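# Report on the structure
The primary structure of each chain is shown beneath.
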Amino acid sequence: MDVIERFRQTIVNYEASPFPNYIPYTTHSDACGGLRQRILQELAALKPRTLATMHGSTFVGDGERALQDLAVVLREVLVNQITAT
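Since we're looking at a predicted model, the values are computed, not measured.

## Points about the overall build of the chain
Of the regular secondary structure elements, the chain holds 3 helices and 2 strands. When the helices and strands of the chain are listed from N to C terminus, the series reads α-α-β-β-α. A buried classification covers 25% of the 85 residues belonging to the chain. At a minimum sequence separation of 6, the contacts of the chain that also span at least 24 residues come to 49%. When the accessible area of the chain is evaluated, it comes to approximately 6,000 Å², of which 59% is carbon and sulfur surface.

## Notes on helix α1 (residues 3-16)
When the terminal C-alpha atoms of α1 are compared, their 20 Å separation across 14 residues agrees well with the 20 Å that a helix rising 1.5 Å per residue should span. Looking at α1, one finds that the buried residues are I4, I11 and E15. Down the axis of α1, the buried set is contained in an arc of 35°. They therefore lie on one face. Two to three positions downstream of the cap, the backbone nitrogen of I4 sits 3.1 Å from a side-chain oxygen, assigning the N-cap of α1 to D2.

## Some details on helix α2 (residues 35-45)
Along α2, the residues that are buried comprise Q37, L40 and A44. One face of α2 carries all of its buried residues, which in axial projection span an arc of 70°. Facing away from the buried side of α2 by over 90 degrees, the exposed positions are L35 and A45. Positive backbone phi, approximately 50°, marks K47, located one or two places after α2.

## Describing a nonpolar patch on the surface
Among the surface-exposed residues, L35, I39, L43 and L46 lie close enough to one another that they form a single nonpolar patch of about 400 Å² accessible area. By secondary structure assignment, the location of I39 is in helix α2.

## Quick look at unusual backbone geometry
Positive phi is not limited to glycine here, since K47 has a value of about 50°. Turning to its location among the elements, K47 is positioned in the loop between α2 and β1 (50-52).

Definitions and limits used
- Residues numbered from 1 in each chain as written.
- Predicted model: local features only at pLDDT ≥ 70, side-chain atom pairs only at ≥ 80, totals over all residues.
- Heavy atoms only, no water.
- Helix = DSSP H or I, 4+ residues; strand = E, 2+ residues; numbered from the N terminus.
- Buried < 20%, exposed > 50% of the residue type's maximum accessible area, 1.4 Å probe, protein only.
- Contact = heavy atoms within 4.5 Å.
- Areas by Shrake-Rupley, 256 points an atom, 1.4 Å probe, with all protein chains shown as cover.
- Expected span 1.5 Å × (residues − 1).
- Arc of directions from axis to C-beta.
- Polar contact = N/O pair within 3.5 Å; in protein donor to acceptor, adjacent residues only side chain to side chain.
- Patch = residues over 30% accessible without salt bridge, like charges linked within 9 Å, V, L, I, M, F, W, Y side chains within 5 Å.
- Salt bridge = Lys/Arg side-chain N within 4 Å of Asp/Glu carboxyl O.

See below:
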């Protein structure tokens, strides 16, 4: 299981737990160059080879692709949660 799929599963589990909305997200987060999307794009543009999280494993590899995929997962999982409620 790759790093993005592990992240997806973690977010899905949080949303199904007593701690939904652990990551604040609105439909405006990505719209019209939203802040979250812009930050992820700017970080991806740095083409990092290593990504380190505060609480978790360090990822070594194509950090640009991982950050781009992260943006997609956030949108897919969290926007779907917003529209489902």
